Each structure stands twice: as C-alpha cells, then as structure tokens.
Amino acid sequence: MPEAPPATPAPPVPPAPEPEAPRRAYAETRSPRQLDAPEEAPADRGATPRRRTHGLDKPQVTELEIGSTVHKVVPDPKPLDVDGIRTMTVGSILWLAVLVGLLPFLGTLQRNGDVWWLWTCLAGFGLGLIGVEYCRRRKVALEADAEAETDAVDAHADHR
C-alpha cells in the first residue's frame, strides 16, 4: 500500500496593507528634507532655491570591485567620424546586385505573383542613390561649416 506524501504547510498569509494617509494638495506637500527643516517665513518664499550640483567635479571611477574581483573601467570609445557615403553606396550596390540576380527568374516570379520582389530591389536601389546624394551634400555642408568656424576663430585671434 503506497504511503501518502507528507502534508506541506500552507504559505504564510501576508499582513494586510496599512491604510494610505489622505493625499494632500500639491502645494501642501513637503519633501523629507523640508520636513526636517524649520518652517519658512512667508517673506522667504521669494528666495532663490539652492541648485543641485551635477557631480562633474568628482574623480572618474577607474576600478570597480565586485566580490573579490577588481575590474578596470574603460572609458567609452569616441564615435567614428563617418559621413555615410560608403555605407549608402554599398547598400545601393547590394540592392542592384539582387535586382540583377532576380532578372533571370522573372518568369517564375510572374507565375508565383512575386514580381514585387523586383520592385522592392528597384526601390532599394533608387532610395540608396538618393541617400548617397544626401550624404554627399551633408558632408560638403559639414566641411563648409567647419571651414567657416575655423576662419571665424582665426579672424577673432587676429583682432587681438
């Protein structure tokens, strides 16, 4: 005769939550720091509040200790200075290659109702060409801005 498994104890019942304090209007609420501070006089209401500091004057963290292991913290790498022309050109060439690669299967695509594949490749190639031109114009404009900024700095230095 098989033995009955031992009875498991029932999980403990969590205590009932305490009733919430009635909410006050926004103007009446005070932060914990304000609760510890003495009540302000009405004349002080127009005083400028103390600004929080950003902490940029603190030293950088170079090591991080987790358990008994010490890890070196490496600063984030600087972003690459890319103009996007090469990326857009490669993408456009890939779309054109797929379009040309699908042309021998035009009959099969028409029979299966998948001619939209060709149109997708054509649209990808066309939008890629627009992207190449956009990136080229952006690069020229950024170079012109950098040159104008350099000229302005040099002109300002000459006036001193």
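Residues numbered from 1 in each chain as written. Predicted model: local features only at pLDDT ≥ 70, side-chain atom pairs only at ≥ 80, totals over all residues. Heavy atoms only, no water.

> Give me the lowdown on the overall build of the protein, citing residues and values where you can.
A tally of helices and strands in the protein yields 4 helices and 2 strands. Its helices and strands taken in sequence order, the protein reads α-β-β-α-α-α from the N to the C terminus. Evaluated residue by residue, the protein yields a buried proportion of 7% over its 160 residues. The contacts in the protein between residues at least 6 apart in sequence include a share of 43% that link residues at least 24 apart. Of the roughly 15,600 Å² of accessible surface on the protein, a fraction of 62% belongs to carbon and sulfur atoms. (Helix = DSSP H or I, 4+ residues; strand = E, 2+ residues; numbered from the N terminus. Buried < 20%, exposed > 50% of the residue type's maximum accessible area, 1.4 Å probe, protein only. Contact = heavy atoms within 4.5 Å. Areas by Shrake-Rupley, 256 points an atom, 1.4 Å probe, with all protein chains shown as cover.)

> Lay out the pairing of strand β1 (residues 63-66) in plain terms, naming residues and giving numbers.
Taken together, the 4 bridges between β1 and strand β2 (residues 69-72) define a ladder with antiparallel strand orientation. From the neighbouring strand, Leu 64 faces β2, where its bridge partner is His 71. Between β1 and β2, which pair antiparallel and follow one another directly, the connecting turn spans 2 residues, one of which, Gly 67, has a positive phi of 65°. (Pairing = 2+ DSSP bridges.)

> With reference to specific residues and values, describe helix α2 (residues 85-102).
For α2, spanning 18 residues, the distance from its first C-alpha to its last is 26 Å, which sits close to the expected 26 Å at 1.5 Å a residue. When α2 is considered as a whole, its buried residues turn out to be Ser 92, Leu 99 and Leu 102. Viewed end-on, α2 has its buried residues packed into an arc of 90°, placing them on one side of the element. Turned more than 90 degrees from where α2 packs its buried face, Arg 86, Thr 87, Ile 93 and Leu 94 sit exposed. (Expected span 1.5 Å × (residues − 1). Arc of directions from axis to C-beta.)

> Report on a nonpolar patch on the surface, specifying residues and quantitative values.
A surface patch of nonpolar side chains, amounting to about 350 Å² of accessible area, comprises Val 61, Leu 64, Ile 66 and Val 73. Take Val 61: it is sitting in the loop between α1 (32-36) and β1. For Val 61, a relative accessible area of 56% corresponds to the exposed category. (Patch = residues over 30% accessible without salt bridge, like charges linked within 9 Å, V, L, I, M, F, W, Y side chains within 5 Å. Salt bridge = Lys/Arg side-chain N within 4 Å of Asp/Glu carboxyl O.)

> Quick rundown of a negative patch on the surface? Include the residues and the values.
On the surface, a cluster of negative charge is made up of Glu 143, Glu 147, Asp 151 and Asp 154. Within the secondary structure layout, Asp 154 lies in helix α4 (residues 116-158). (Lys, Arg positive; Asp, Glu negative; His and termini not counted. Charge placed at Lys NZ, Arg CZ, Asp CG, Glu CD.)

> Outline the nonpolar core, listing residues and values.
Most often, soluble globular proteins keep nonpolar side chains buried together rather than apart. With 5 residues, the main nonpolar core is built from Leu 99, Leu 102, Leu 109, Leu 118 and Cys 121. Mapped onto this core, the elements with two or more residues apiece are α2 and α4. Those residues within four positions of Cys 121 in sequence are excluded, and the remaining contacts are Trp 95, Val 98, Leu 99 and Leu 102. (Core = buried A, V, L, I, M, F, W, Y, C linked by side-chain atoms within 4.5 Å.)

> Please provide a residue-by-residue account of the pattern of salt bridges, values included.
In this structure the tally under the stated criterion is 3 salt bridges. A salt bridge links Lys 139 to Asp 83, with the shortest nitrogen-to-oxygen separation between them at 3.4 Å. With Lys 139 in helix α4 and Asp 83 in the loop between β2 and α2, this residue pair connects regions lying 56 residues apart in the sequence. Since its relative accessible area comes to 26%, Asp 83 is described here as partly exposed. Glu 133 is the salt-bridge partner of Arg 136, the closest N and O atoms lying 2.6 Å from each other.

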